[in-house]
Amino acid sequence: MLPSLDTILHQQLRLQIMSLLMSVESAEFNFLLEQTGATKGNLSVQIKKLEKAGYLSVAKSFRNNYPLTTCATTKKGRDAFEAYVTALEKYFKTK
């Protein structure tokens, strides 16, 4: 029997966000916006969903009087991502 896939991560933009963040300590909103090609509104909504699930931590501050949002994965998020990848590998190995 194949494992079920995490419904939080099994959405294209949320998976893109987590994939980008897995290889860095943290990333700014504008970096994620540029890398994903998402709209500001959609990216913001998906970040909030990941944060609500406990997969991301979000820090808000200012740089030169402009708002700055920085995202980082949490341990729960890293563990969930690794479990998701492992589950996908099982799908690819089935005959």
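Computed from a predicted structure; not experimentally measured.

## Topic: the pattern of salt bridges
Here's step 1: Applying the stated rule across the entire model yields 2 salt bridges.
Here's step 2: In this structure, the salt-bridge partner of R63 is E28, at a minimum N-O distance of 2.4 Å. Separated by 35 residues along the polypeptide, R63 in strand β2 (residues 56-63) and E28 in strand β1 (residues 27-28) bring together distant segments of the chain.
Here's step 3: Note on R63: relative accessible area 43%, which makes it partly exposed.
Here's step 4: Of the residues examined, E28 reaches a relative accessible area of 28% and is grouped as partly exposed.
Here's step 5: Between D79 and K75 there is a salt bridge, and its shortest N-O distance comes to 2.8 Å. Taken together, the residues D79 and K75, both in helix α4 (residues 75-93) and 4 residues apart, mark about one turn of the helix.
Here's step 6: Using a relative accessible area of 55% as the deciding quantity, one classes K75 as exposed.

## So, helix α1 (residues 12-22)
Here's step 1: Looking at α1, one finds that the buried residues are L13, R14, I17, M18 and L21. Down the axis of α1, the smallest arc covering the buried residues is 135°, so these residues share one side.
Here's step 2: Those residues of α1 hidden inside the fold are in contact with β1, α2 (29-36), α3 (40-52), β2, β3 (66-73) and α4.
Here's step 3: A distance of 3.0 Å separates the backbone nitrogen of L13 from a side-chain oxygen at the start of α1, and that oxygen is part of Q11.

## Details of the packing of α1 against α2
Here's step 1: Remark: α1 packs on α2, axes separated minimally by 10 Å, with the N-to-C direction vectors making an angle of 120°. One finds that α1 runs oblique with respect to α2. Handedness of the crossing formed by α1 with α2: right-handed. Listed contacts from α2 to L13, Q16, I17, L20 and L21 of α1 are L32, Q35 and T36.
Here's step 2: Residues of the contact of α1 with α2, tallied by class, amount to 5 nonpolar, 3 polar and no charged.

## Regarding the environment of L2
Here's step 1: Following the sequence through the fold, L2 ends up in the segment before α1.
Here's step 2: The spatial distance from the C-alpha of L2 to the C-alpha of L21 is 27 Å, given a sequence separation of 19 residues.

## Observations concerning α4
Here's step 1: Between its first and last C-alpha atoms α4 spans 27 Å; for 19 residues at 1.5 Å apiece the expected length is 27 Å, and the two agree.
Here's step 2: Buried within α4 we find G77, A80, F81, Y84 and A87. Down the axis of α4, the buried set is contained in an arc of 125°. They therefore lie on one face. Counted as exposed and oriented over 90 degrees from the buried face of α4: K75 and K93.

Thresholds applied
Residues numbered from 1 in each chain as written. Predicted model: local features only at pLDDT ≥ 70, side-chain atom pairs only at ≥ 80, totals over all residues. Heavy atoms only, no water. Salt bridge = Lys/Arg side-chain N within 4 Å of Asp/Glu carboxyl O. Helix = DSSP H or I, 4+ residues; strand = E, 2+ residues; numbered from the N terminus. Buried < 20%, exposed > 50% of the residue type's maximum accessible area, 1.4 Å probe, protein only. Arc of directions from axis to C-beta. Contact = heavy atoms within 4.5 Å. Polar contact = N/O pair within 3.5 Å; in protein donor to acceptor, adjacent residues only side chain to side chain. Axes fitted to C-alpha atoms, helices over the stretch in contact; angles between N-to-C directions. Parallel < 35°, antiparallel > 145°, perpendicular 65-115°, else oblique. Left-handed = near helix turned anticlockwise from the far one by under 90°. Nonpolar A, V, L, I, M, F, W, Y, C, P; charged D, E, K, R; others polar. Expected span 1.5 Å × (residues − 1).

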